[in-house]
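Secondary and tertiary structure notes
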Amino acid sequence: QVQLVESGGGLVLAGGSLRLSCAASRSIFSANTMGWYRQAPGKQREFVARMTSGGTTAYADSVKGRFTISRDNAQNTVYLQMNSLKPEDTAKYYCKIEFVSGLYWGQGTQVTVSS
């Protein structure tokens, strides 16, 4: 079993920044993919950002140029840097990491952006 613990969410004004963290209970060096998803009330979960083991990144069009996914293998942590936040970014953000042994989700962290 792998546990993922997200942190860094909170309330921020539009235009502000937050950095989300996803700490894994085991090494992420061998992870195939690492990613972030979000879900707002009444809406489906949507893809936000993803990174492969080789470092290739992909972003949803809605966040491209504003969000950056990164990792720190020594800390077993995946990050999502969110800049120029908009009210429409308000959602619960979930970390997902895929290992050969399986796919794991974090518990989510709430991000609320006020206008």
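With that settled, the discussion passes to the pairing of strand E11 (residues 109-114). The side-chain alternation of E11 yields one buried face, formed by Thr109, Val111 and Val113, and one unburied face, formed by Gln110, Thr112 and Ser114. Bridge count for strand E2 (residues 10-13) against E11 is four bridges, and the pairing is parallel. Its bridge partner lying in E11, glycine 10 is registered against valine 111.

Let us now look at the packing of aromatic side chains. Inspection of every chain in the model, using the stated rule, returns three aromatic pairs. Ring geometry for tyrosine 37 and phenylalanine 47: centres 5.8 Å apart, planes at 70°, overall edge-to-face. Taken together, the residues span a long stretch of sequence, with tyrosine 37 in strand E4 (residues 33-39) and phenylalanine 47 in strand E5 (residues 46-52) at a distance of ten residues. Aromatic ring contacts, followed pair by pair, group Tyr37, Phe47 and Trp105 into a single cluster. In this structure, arginine 19 packs its charged tip against the face of tyrosine 79, placed 4.3 Å from the ring centre. Note that arginine 45 overlies the ring of tyrosine 37, its terminal NZ or CZ placed 5.7 Å from the centroid.

Another aspect to go through is the environment of serine 70. When you line up the elements, serine 70 lands in strand E7 (residues 67-72). A C-alpha to C-alpha distance of 12 Å links serine 70 and threonine 33, two positions 37 residues apart in sequence. Other than its neighbours up to four places away in sequence, serine 70 contacts Met51, Thr77, Val78 and Tyr79.

Scoring rules and cut-offs
Residues numbered from 1 in each chain as written. Predicted model: local features only at pLDDT ≥ 70, side-chain atom pairs only at ≥ 80, totals over all residues. Heavy atoms only, no water. Buried < 20%, exposed > 50% of the residue type's maximum accessible area, 1.4 Å probe, protein only. Helix = DSSP H or I, 4+ residues; strand = E, 2+ residues; numbered from the N terminus. Pairing = 2+ DSSP bridges. Phe/Tyr/Trp six-rings, centres within 6.5 Å; stacked < 30°, edge-to-face > 60°. Lys NZ or Arg CZ within 6 Å of the ring centre and 35° of its normal. Contact = heavy atoms within 4.5 Å.

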